[in-house]
Amino acid sequence: MDFSWSTPQATPVVDGYLDWFDHVYQPPAGGALSYRPLLVRVKPTGRPATLDKTLRWLKRKLDNAGQGADFLMDGVEREYLDRLLDHSPIEGDAPDLFLHVLKTPGDFAADYGKWLQPLPNGAARPPVPSAPAPAGGVPRPAPVLAVIDDAIGYLNARFTTGPAHQRKTRLAAVWLQCEDQITEDNGHCSISCGRVLSGEEIDTVLTKGSRLEEAAEYSAMNKALYDRQISPVWHGITAGGGSELASTHGTIVTDIAAGADPQVEPEGLGACPMLATQLPPQAVEDTSGAKLQPYVVRALRWIIWQADRLLVEGQHRPLVVNISLGVLAGSKDGTSLIERQIAAEVYRRETRTGSPMRVVYAFGNDGLTRQIGSIDLEPETPQSVTLRVQSEDYTPSFVELRPDDPAELTLGIDSLLSQPLSLGSIPAGHSVSLARGSAPAVARIYAIGPQALEGGGQTAGYYLLAIAPTACFETGKPLAPSGPWRITLGTGAPAQTVRLEVQRDDRPLGFQALARQSYLDDNALWVWKPPRKTPYAPKADGPVTRIGTESGWLSAGMPEQVYTVGAALCDTGFAAPYSATGGPLSAKEPNVSAIGDSSWTLRGVLASGTLSGSATVMSGTSVAAPQITRQLALLFASGADIGPWNPPAVNAEREMAALGALDWSFEPEYELDQLGPLAVSGEVGLRPRLDDGYRP
């Protein structure tokens, strides 16, 4: 029997990715997977209404939470709640907190809306930060340099100072996150998310000197953190043992951002404390990014709270955070949780501390992966594009369809071994499923409706095509047919443009390659054209394009405090071919670019492997971003007149001028949508690949 599509069914889900995850992997009932993270705003209650009364109500609820409680809280957020209770927030400045809310049917907003306002898409952006200028003659403290990434070799000598027998870590703390787990103590339940190691605890391990076996230490820690498998998607082959591998993404990024010879004082960085968060391997392995966003936001909040403790004579330090992670598909309009909440956190910290904060993102590496499409539709003139779903793909595939007007979009799909889905519309809040008889669905199209945003506005409605894996280790799980899936789109009334985004489905460095990337295909791609270098990429002849291949966590309206970084081929004047291309409706171009490859022949950037004394090479915007992070930290360490006492545009101008003054930095003539207005090819922090440094 062939697969066939259902009629539209009411499906009131907010996140189709998470709903499809539960459908495909069928997690057992109970436990941490029965909960989902949800950001909430505390509301004043009582007579007279105060925030303190609500915080104390929340503490009582959490203190009495048992099995099956409506919501729980992790230890890091609980520490923040305790601090709020010790120092009551100013009325009118309501804090937000992460809860873990039970997934079972129920309306959280209706049940707890009196006390808590759900913020599934993050908080509204506060007013632009403003602070008084520091007193003249008062030295400004060195910045805190932080990294959020996957497996980080926190014992590596590159993150220490002193001779081998007396090494001290430069890390003030590191949060080794694991996937959320429920812990129970005498009937009281809470959420555990890994372990925080203080600098003192790391130093205790380093006192072993020559007897220190880093691999054994990582192995013991990883067993304690990850030996208990929580997520059914996690195959456990390499995930969780990341810091035991020879090369890990997180160690490479951290070394480029902050690493130095332990016996040589790092110029300008010696006084800069380091912070790091190692994300759960299961969340990094889930390439849809649906589970990753909350962990990244929680990591940033923890870093801010830790940085606030590292005062110098009562002064707050500047803070620079590197995030060399991302996904491809997304709204790219500033309405996602990670975009809104990180902007809000940056503004709040600058306002509260009077000290600058910067977040540096990798722009993306999907310039050549054929995962983005754009179709200009005219009424009564449907157009089609092919999605290639590969065999032996052990993970789901996702395609986001983002039309100008979702209500007027009609769509149809034709794939192997299935009856075609006739061209038609799917009402918002509904879905259609592909299944064989009464068996579980192997594909589903969700029509996600708009959601209201705090502060006004709403998210854009869109469609999500979710496809089950084409291979599986277990029996009884839904398997989709591989091969071509022909997607046909039409529009009713006015002409409109539809953006197609195939979600990233590969594996980061250090993870088993159990995923095979689905991609878009079209006849126009196979017509040869002579290569041309232009300032901006021309529109493609067919629906598949490289325009708009930047990370799904980026958008045009990001604050000046957020940097995006493309990858350059050293100082050749050209972008690395894989470096993402900005889109006119999202992030048009990166703010700046840095070395992603040493030359046309020497690929990648040299950095430390996981263990002390080792070296490895990695390419991409992931290694370009931490170069800018390092340079910004050095700039703040120099005492530059940059901070919230200046307008953000003035700070941005001064920072770009400082980056442009570095050796061999230049203003690109071509590929501006990949490189941005400035390419920084200074060698500070990079290990030389050639006798004369990086110059070919």
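As shown above, the structure is provided for reference.
Here the structure is a predicted model, which is why all the values come from computation and not from measurement.

### Some words on the packing of aromatic side chains
Part 1 of the argument: In the structure shown here, the tally under the stated rule is 14 aromatic pairs.
Part 2 of the argument: A ring pair is formed by Tyr17 and Phe398, whose centres lie 4.5 Å apart and whose planes are at 50 degrees; its orientation type is tilted. With Tyr17 in helix H1 (residues 16-25) and Phe398 in strand S19 (residues 397-403), this pair connects stretches of sequence that are 381 residues apart. Assigned by exposure class, Tyr17 and Phe398 land together as buried.
Part 3 of the argument: For the pair Trp57 and Trp115, a centre-to-centre distance of 4.4 Å together with 5 degrees between the ring planes defines the contact as stacked. Here Trp57 is found in helix H2 (residues 51-63), whereas its partner Trp115 is found in the loop between helix H4 (108-112) and strand S6 (116-118), with 58 residues between them in sequence. When sorted by exposure, Trp57 lands in the same class as Trp115, which is buried.

### A look at the nonpolar core
Part 1 of the argument: Counting residues in hydrophobic clusters, the biggest one holds 66 residues, and the most contacted among them are Leu58, Val321 and Ile323.
Part 2 of the argument: Considering each element in turn, this core owes the most residues, 11 residues, to helix H9 (residues 292-309).
Part 3 of the argument: Not counting residues up to four positions away in its chain, the partners in contact with Ile323 are Ile148, Val296, Ile342, Val359, Val360, Tyr361, Ala362 and Trp553.
Part 4 of the argument: One finds Leu377, Val385, Val389 and Ile487 within the second-largest nonpolar core, a separate group that totals 48 residues.

### Here's the deal with the sheet that holds S6
Strand pairing in a sheet is mediated by backbone hydrogen bonds. Such pairs are either parallel or antiparallel.
Part 1 of the argument: Strand order in the open sheet formed by 4 strands is S4-S5-S3-S6, with antiparallel pairing between adjacent strands. The open sheet has two edge strands, strand S4 (71-72) and S6, and neither has a second partner.
Part 2 of the argument: Sheet topology note: the strand S3 (residues 35-42)/strand S5 (residues 96-102) ladder contains 7 bridges and is antiparallel. For Tyr35, the partnering residue across the bridge sits in S5 and is Leu102.
Part 3 of the argument: Lying over the sheet, H9 contacts S3 and S5, oriented at roughly 145 degrees with respect to S5.

### Some thoughts on helix H7 (residues 249-258)
Part 1 of the argument: Of all the 10 residues making up H7, 10 are buried; the element is thus mostly covered by neighbouring parts of the structure.
Part 2 of the argument: Of all the positions in H7, only His249, Gly250, Thr251, Ile252, Val253, Thr254, Asp255, Ile256, Ala257 and Ala258 are classed as buried.
Part 3 of the argument: In the core, the buried residues of H7 are packed alongside strand S7 (144-149), strand S14 (274-278), strand S15 (319-323), strand S31 (605-608), strand S32 (615-618) and helix H11 (621-637).

### Re the packing of helix H3 (residues 75-86) against H9
Part 1 of the argument: Look at H3 against H9: their axes get within 10 Å of each other, and the N-to-C directions meet at 45 degrees. Taken together, H3 and H9 sit at an angle that is classed as oblique. For the pair H3 and H9, the crossing hand works out as left-handed. On H9, the residues touching Val76, Glu77, Glu79, Tyr80 and Arg83 of H3 are Arg298, Arg301, Trp302, Trp305 and Arg309.
Part 2 of the argument: Of the residues belonging to the contact of H3 with H9, the class tally is 4 nonpolar, no polar and 6 charged.

### What to know about the pairing of S14
Part 1 of the argument: For S14, a buried count of 5 out of 5 residues is recorded, marking the element as mostly surrounded by other parts of the structure.
Part 2 of the argument: Neither face of S14 is open: one carries Met274, Ala276 and Gln278, the other Leu275 and Thr277, and all of them are buried.
Part 3 of the argument: Of the pairings in the sheet, the one linking S7 to S14 comprises 5 bridges and is parallel in character. When the bridges of S14 are listed, Val147 appears paired with Ala276.
Part 4 of the argument: With 5 bridges connecting them, strand S10 (residues 171-176) and S14 associate as parallel partners. In the sheet register, Leu176 faces S14, and the bridge partner there is Gln278.

### A short note on unusual backbone geometry
Part 1 of the argument: Along the chain, Arg47 connects to Pro48 via a cis peptide bond; the corresponding omega equals -5 degrees.
Part 2 of the argument: Relative to the helices and strands, Pro48 resides in the loop between S3 and H2.
Part 3 of the argument: Within the chain, Glu313 stands out as a residue other than glycine whose phi angle is a positive 50 degrees.
Part 4 of the argument: The topology assignment puts Glu313 in the loop between H9 and S15.
Part 5 of the argument: Phi is positive for Arg370, which is not a glycine, with a value near 60 degrees.
Part 6 of the argument: Examined against the element boundaries, Arg370 turns out to sit in the loop between strand S16 (357-362) and strand S17 (372-377).

### Quick look at the pattern of salt bridges
Part 1 of the argument: In the structure shown here, the tally under the stated rule is 36 salt bridges.
Part 2 of the argument: The salt bridge partner of Glu655 is Arg358, with a shortest N-O separation of 2.6 Å. Of the two residues, Glu655 is situated in helix H12 (residues 648-660) and Arg358 in strand S16; the sequence distance between them amounts to 297 residues.
Part 3 of the argument: Judged by relative accessible area, Glu655 falls into the buried class, the value being 0%.

### Section: the packing of H11 against H12
Part 1 of the argument: It is the contact of H11 with H12, at a shortest axis distance of 11 Å, that shows an interaxial angle of 110 degrees. If you check the angle between H11 and H12, you find them roughly perpendicular. Judged by residue contacts, Ile628, Gln631, Leu632, Leu635 and Phe636 of H11 engage Glu655, Ala658 and Leu659 from H12.
Part 2 of the argument: Taken together, the residues of the contact of H11 with H12 break down into 6 nonpolar, 1 polar and 1 charged.

### Observations concerning the environment of Val498
Part 1 of the argument: Relative to the elements of secondary structure, Val498 occurs in strand S26 (residues 496-502).
Part 2 of the argument: The buried category is assigned to Val498, whose relative accessible area is 0%.
Part 3 of the argument: When the C-alpha positions of Val498 and Ile375 are compared, they lie 5.3 Å apart, and in sequence the two are 123 residues distant.

Rules behind the numbers
Residues numbered from 1 in each chain as written. Predicted model: local features only at pLDDT ≥ 70, side-chain atom pairs only at ≥ 80, totals over all residues. Heavy atoms only, no water. Phe/Tyr/Trp six-rings, centres within 6.5 Å; stacked < 30°, edge-to-face > 60°. Helix = DSSP H or I, 4+ residues; strand = E, 2+ residues; numbered from the N terminus. Buried < 20%, exposed > 50% of the residue type's maximum accessible area, 1.4 Å probe, protein only. Core = buried A, V, L, I, M, F, W, Y, C linked by side-chain atoms within 4.5 Å. Contact = heavy atoms within 4.5 Å. Pairing = 2+ DSSP bridges. Axes fitted to C-alpha atoms, helices over the stretch in contact; angles between N-to-C directions. Parallel < 35°, antiparallel > 145°, perpendicular 65-115°, else oblique. Left-handed = near helix turned anticlockwise from the far one by under 90°. Nonpolar A, V, L, I, M, F, W, Y, C, P; charged D, E, K, R; others polar. Salt bridge = Lys/Arg side-chain N within 4 Å of Asp/Glu carboxyl O.

On their own, these measurements won't tell you what the molecule is for.
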